[in-house]
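Here is what each chain is made of, one letter per residue.
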Amino acid sequence: MVHHDIWNYDNPMAPILLDLTMPDRGEVPAVMQVTKQSFVYAFNRLTGEPIWPIEERPVPQSTVPGEKLSPTQPFPTRPAPFDIQGISADDLVDWTPELHQQAIDGLADYMMGPLFLPPIQRGHESGKRAAMFCPGGGGGANITAPAVADPATGILYVSSRSACSPIQLVPGEEADLQYELPTGTTFAQYASGPGAGAPRHPAQIPYFKPPYSRITAINMNSGEHEWMIPTGKTPARVQHVIDENNLEVGNTGTGALVPMTITPNMLIYSDTETDGTPMLYAVDKATGETESSVEVPDRSRYGMSTWVHNGHQYIILQTGPKLTAVALPTAAPVDGGH
């Protein structure tokens, strides 16, 4: 799924097993891998054959002395990517001409380009400070928000966020002298060096267009996207800029990866309101429309599960070092117990 990985594009979660019903092929036993690159790689789990063609396409090559990359990387032809891949000036925030220009200026010292843009070394001939590769090492999709699949419909729900990573490389020996302990890692004879730093928009908003986080519903029977929604509510610092400029901007999403669980008719996920209040949101699985929301003690961090007991539904959240079980009021004990 990635050749000669230099981007931290390890597979971030366990693969998902799902039996598909495809219009042109009937029943297909599938295994699907959601990746940081914002791809879904889908295979027949009995034969290993790709369900849709995966093409080897040319990608940018490294300019780091001594480093040789794969000339191509594997690109699934279906489903379409579910989040940002690569970055250019067209992807930068454009709510006002001033905000757009500030984003361009803020990234002027960084090399922008397509998916699989390789890192550059200090002193690169372009004069750039670092290469900005998107998605960054944190995804796209990542371990904190496993995708979930609905066996009844063949829909795959993927939580993702738009994020990029800048990397500057310095000679390994030089890097070892700049840290208290040697890094123990090299990239050819280079190592990730200090000073690259992620750029920050002067308005304290992301430098790219929203949504910053999303859930995408993908029909794996056809490979088509059914819907996409931003997750949670616009953060306060972003809403301040929107209000200050009297802008009409829809929900941007919080920028957080969100754990999810599904029921026969709902998708439930954990995120926050604009003021940071942790919430559970109930979404219509078929349309993505938010049906309801309820405040909870804390955000779920790495996963969620749900079950029914004595006719009442319960949801368990992974809240930091503890588990938190929540239920609708009609399911709560009447004696004040927990």
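Keep in mind that this is a model prediction, so the values were computed, not measured.

Before going further, it helps to spend a moment on the packing of aromatic side chains. Counted according to the given criterion, the structure contains 12 aromatic pairs. Both rings, one in F39 and one in F75, keep their centres 5.6 Å apart while their planes meet at 75°; by these two values the pair is edge-to-face. Of the two residues, F39 sits in the loop between β2 (26–34) and β3 (40–44) while F75 sits in strand β5 (residues 72–76), which places them 36 residues apart along the sequence. The exposure class of F39 is buried, given its relative accessible area of 2%. Between the aromatic rings of Y207 and F208, the centroid separation amounts to 5.2 Å while the plane-to-plane angle is 80°, which identifies the pairing as edge-to-face. Summarising the burial analysis for this pair, Y207 and F208 share the class buried. By the ring-pair criterion, three or more aromatic residues cluster together here, those being W7, Y9, F39, Y41, F75, F116 and F133.

Let us now look at unusual backbone geometry. G140 follows G139 through a cis peptide bond whose omega is 15°. Within the secondary structure layout, G140 lies in the loop between β8 (130–133) and β9 (148–150). For the peptide bond that leads from P210 to P211, omega is 5°, which places it in the cis range. Locating P211 in the fold gives a position in the loop between β12 (190–192) and β13 (213–219). A positive phi is found at F116, a non-glycine position, where the angle reads about 70°. Within the secondary structure, F116 sits in the loop between β6 (110–111) and β7 (120–121).

If you look at the biggest cluster of nonpolar residues, it comprises 21 residues, and the most contacted ones within it are V34, L156 and M220. Elements that contribute at least two residues to this core include exactly β1 (16–22), β2, β3 and β10 (155–161). Judged by nonpolar contacts, the second largest core, of 20 residues, contains L99, V238, V241 and I242.

The subject of this paragraph is the environment of A286. Tracing the backbone shows A286 in the loop between β17 (278–284) and β18 (290–295). Spatially, the C-alpha atoms of A286 and E226 are 8.1 Å apart, while their sequence positions differ by 60 residues.

All of the buried residues in helix α3 (residues 236–244) are V238, V241 and I242. Mapping the buried residues of α3 onto a view down its axis gives an arc of 100°, with all of them on the same face. Considering only its buried residues, α3 is in contact with α1 (97–106). At the exit of α3 stands N246, carrying a positive phi of roughly 50°.

Right, let's get into the sheet that holds strand β16 (residues 266–272). What the 4 strands build is an open sheet, ordered β15-β16-β17-β18; its pairing is antiparallel. Only two strands of the sheet have a single partner each, and these edge strands are β15 (260–262) and β18. Recorded for the sheet is a direction-independent mean angle of 20° between the axes of neighbouring strands. Of the strand pairs in this sheet, β15 and β16 are connected by 3 bridges, and their pairing is antiparallel. Across the sheet, I262 pairs through a bridge with L267, a residue of β16.

Within the open sheet, the 4 strands sit side by side as β9-β10-β13-β14. Their pairing is antiparallel. The open sheet terminates on both sides in strands that have one partner only, identified here as β9 and β14 (224–230). For this sheet the average axis-to-axis angle between neighbouring strands, irrespective of direction, equals 20°. Inspection of the sheet shows β13 paired to β14 by 6 bridges, in the antiparallel sense. Residue pairing in the sheet places A217 in a bridge with W227 of β14.

The rules behind these values
Residues numbered from 1 in each chain as written. Predicted model: local features only at pLDDT ≥ 70, side-chain atom pairs only at ≥ 80, totals over all residues. Heavy atoms only, no water. Phe/Tyr/Trp six-rings, centres within 6.5 Å; stacked < 30°, edge-to-face > 60°. Helix = DSSP H or I, 4+ residues; strand = E, 2+ residues; numbered from the N terminus. Buried < 20%, exposed > 50% of the residue type's maximum accessible area, 1.4 Å probe, protein only. Core = buried A, V, L, I, M, F, W, Y, C linked by side-chain atoms within 4.5 Å. Arc of directions from axis to C-beta. Contact = heavy atoms within 4.5 Å. Pairing = 2+ DSSP bridges. Axes fitted to C-alpha atoms, helices over the stretch in contact; angles between N-to-C directions.

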